[in-house]
Amino acid sequence: MAINSKRGIELLHDPALNKSTTFSEAEKQALGLVGMVPEVTEDEDLQLRRVNLQLAQKPTDLERYIYLMNLLDHNETLFYRTVMSDPARFLPIVYDPTIGEACLKFGHIYRQPRGMYLSITRRGKVRDVLKNWPQKDVRFICVTDGGRILGLGDLGANGMGIPIGKLQLYTACAGVPPQFLLPMYLDAGTNNEQYLHDPLYLGLRRARPSTEELYSFVDEFVETVQELFPKCCIHFEDWTGVDAVHLLQRYRDKYCVYNDDVQGTAGIVLAGMINAAKIKGTKLSDERYLFLGAGSAGIGLANLLCSAMVGEGLTRNQAQARVYMFDINGLLEDTRKDLVDFQKPYVHKHAPTRDFVAAIETIKPTTIIGVSTVGGTFTQKVIEAMSRINERPVVLALSNPTEHAECTPEQAYTWSKGKAIYAAGVQFPPVHLNGQTFLPGQANNFYIFPAIGMAVFATQASRVTDEMFIEAARAVADQVPSELLKQGLLYPLQSNILETEIQTAARVAKLVFDSGLARVKQPADMVAFIRQHVYKPEYKPAAAQASTAA
Ligand code: NAI
């Protein structure tokens, strides 16, 4: 949007156009801003210094989160400049782990509307609601019904913090321009009694509907998006496990959709496994996997992992035979009567057991993967059993937020006597043990979904496929330098995340073209093509336009 379309206070109140204290004298004159902003003309670095000063005075990360969201409401460029100036520092504030607390308190810390709230009471009129969104070329909608937010359960409308945060990561991590992004909450009620009785709760005060009713509402939403925003990709986020898998199956072959909990998590964990195998000198198909948790994240990962093993030469049955799962009711085995369709490929012949350590002793996994939502479930006995069986046990404790991690890196390294290859879903500091420094990696989807997003954005891909996630996983894995791999680091460093994602997006974009899914002409240089699309948190020079407008 040209900066000269707005003037004076209207311009200052538009976060996409506001330059705050950096308007030049010519711009102030031309845009009716004389006296409306301080007399000085600062540069961006000085503005960033002020932001850092004010952030330093905030006592908690939640306060810093609130401050940064407020900054975003007033000055989008400065917000992204801040976050992109030091991703390793700011991602944990705008996203995991602070976002968990922000969601729990969403109705209480709420300041400004952001994104859209689509209520099930508007069924039949979804088109009228979506037409209210001012941007006509929407490329990504991140949508939740708040059904399972992080590992925190049904948070209803409080879950809106997640689509808002996720889409900020498209921009901050991979440079997808923010004007194309729309966070969305589908409000179908909540079963969270605490929120239903909280006067400051911002959602419908009623219990969740039947699955049939919910899915018909989602159908209307998805179909309307195709009609109003034909280039839009719908990113499903933090629905309950069963809904996540079923809605993905429902739409994936018809529309441009994906589910980050199912496919993005799978992609990032796969990247970690590729590197764990590199450290051990094995292949994915040499390993044996035991999951704790068989929900959307677990099933999505198991499916993608099997596809990757098929890529290494196994049949799908042989690949599935290497994957075992254990959930709240014990091991998934052939006498279980409580399993859903998508869990069945991972049911094996085995005596029933609810004892995870006993399952480790008989199955003898090389890798355990925690996607259970329950902190502390990888106990000392679990890690010791894994260390007895394996020279280098792979321990992935992926549940988040932090206190939900199945074990901490310190526990994994201490109990395994330094043998474990470990990654978590959240960021943990390095661990020093017996003179050695271990670098626990963060298996965070933000290495994958923003890069997939950038590839889809640049190529205008018509579908999002599993192969795109496998390629993204390989690209991420390939970007960990060998000296850091030796220290156990499975993922690239966050400080360089934009460059990592550009390289990943370029590899995914190539696959999109090769698969015939692109809707633009193929470029000669894929990395340069991605770079052309990257958003830069810089103010647009307004003086020339301003003088013509004046
Ligand atoms: P979900 O609710 O679909 O599934 C949870 C699974 O864990 C179910 O199979 C349930 O039976 C099982 N479970 C619950 N309590 C258990 C216990 N005490 N022992 C064994 N199994 C138990 O949840 P979803 O979507 O699969 O997510 C799981 C976790 O993975 C969440 O904490 C989520 O935050 C985390 N996750 C992490 C990501 C990352 O980037 N690291 C990305 C996506 C999810």
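Within each chain, residues carry numbers counting from 1 in the order of the written sequence. At least 70 in pLDDT is required for a residue's local features to be given in this predicted model, at least 80 for side-chain atom pairs to be given and counted, and no such filter applies to totals for whole chains, interfaces and linings, which use all residues. No hydrogens and no water enter the side-chain calculation; it runs on all heavy atoms of the structure.

### A look at the side chain of Asp243
Turning to its location among the elements, Asp243 is positioned in helix 13 (residues 241-251). For the buried residue Asp243, which engages in no salt bridge, the nearest side chain bearing the opposite charge is Arg208, 6.4 Å off. Setting aside residues up to four positions removed in sequence, Asp243 forms contacts with Asp145, Thr211, Leu214, Tyr215 and Leu248. Think of it this way: any DSSP run of H or I at least four residues long counts as a helix, any run of E at least two long counts as a strand, and we number them from the N terminus. Each residue gets one of three labels from its accessible area relative to the maximum for its type: buried under 20%, exposed over 50%, partly exposed in between, using a 1.4 Å probe on protein chains only. Only four residue types enter the charge count, namely Lys and Arg as positive and Asp and Glu as negative; His and the chain termini do not. By definition, a salt bridge exists where a carboxyl oxygen of Asp or Glu is found within 4 Å of a side-chain nitrogen of Lys or Arg. Whether two residues are in contact is decided by their heavy atoms: any pair within 4.5 Å suffices.

### Here we look at the site of the ligand
Distances are taken per atom, and a residue is near a molecule or strand as soon as one of its heavy atoms is within 4 Å of it. In the vicinity of the ligand there are 25 residues, among which Arg148, Ala294, Ser296, Asn400 and Asn445 approach most closely. The term polar contact refers here to a pair of N or O atoms within 3.5 Å; inside protein, the definition further demands a hydrogen-donor-capable atom paired with an acceptor-capable atom, and it admits residues adjacent in sequence only when both atoms are side-chain atoms. Taking Ser372, its main chain carries an N or O atom lying 3.4 Å from an oxygen atom of the ligand. Note that an oxygen atom of the ligand is positioned 2.4 Å from one of the side-chain N or O atoms of Asn400. Coverage of the ligand by the protein chains reaches 86% of its 860 Å² of free accessible surface. When residues of the shell around the ligand are traced back to their parent elements, those giving at least two are helix 14 (260-280) and helix 15 (296-311). Here the residues of the shell around the ligand sort into 9 nonpolar, 13 polar and 3 charged. For accessible areas, the Shrake-Rupley method is used with a probe of radius 1.4 Å. Any residue's cover is judged against the shown protein chains and nothing else. Note on residue classes: Ala, Val, Leu, Ile, Met, Phe, Trp, Tyr, Cys and Pro are nonpolar, Asp, Glu, Lys and Arg are charged, and everything else, Gly too, is polar.

### Observations concerning unusual backbone geometry
The omega angle of the peptide bond from Asp96 to Pro97 is 0 degrees, so this bond is cis rather than trans. Mapping Pro97 onto the fold places it in the loop between helix 6 (87-94) and helix 7 (98-104). A cis amide bond links Asn400 to the next residue, Pro401, at an omega of 0 degrees. Within the secondary structure, Pro401 sits in the loop between strand 10 (394-397) and helix 19 (409-415). Unlike most non-glycine residues, Ser20 shows phi in positive territory, near 55 degrees. Given the relative accessible area of 25%, Ser20 is considered partly exposed. The backbone of Asp238 shows a phi angle near 60 degrees, a positive value even though the residue is not glycine.

### With respect to the pattern of salt bridges
Between side chains of opposite charge, pairing is possible as soon as their charged atoms come close. Under the counting rule described, the total for this entry stands at 28 salt bridges. Between Asp238 and Arg148 there is a salt bridge, and its shortest N-O distance comes to 3.1 Å. With a gap of 90 residues between them, Asp238 in the loop between strand 4 (233-236) and helix 13 and Arg148 in the loop between strand 2 (140-144) and helix 10 (161-174) connect regions that are remote in the sequence. Like Arg148, Asp238 is buried. What you see here is one network of salt bridges that share partners, running through Lys278, Glu471, Asp478 and Arg507.

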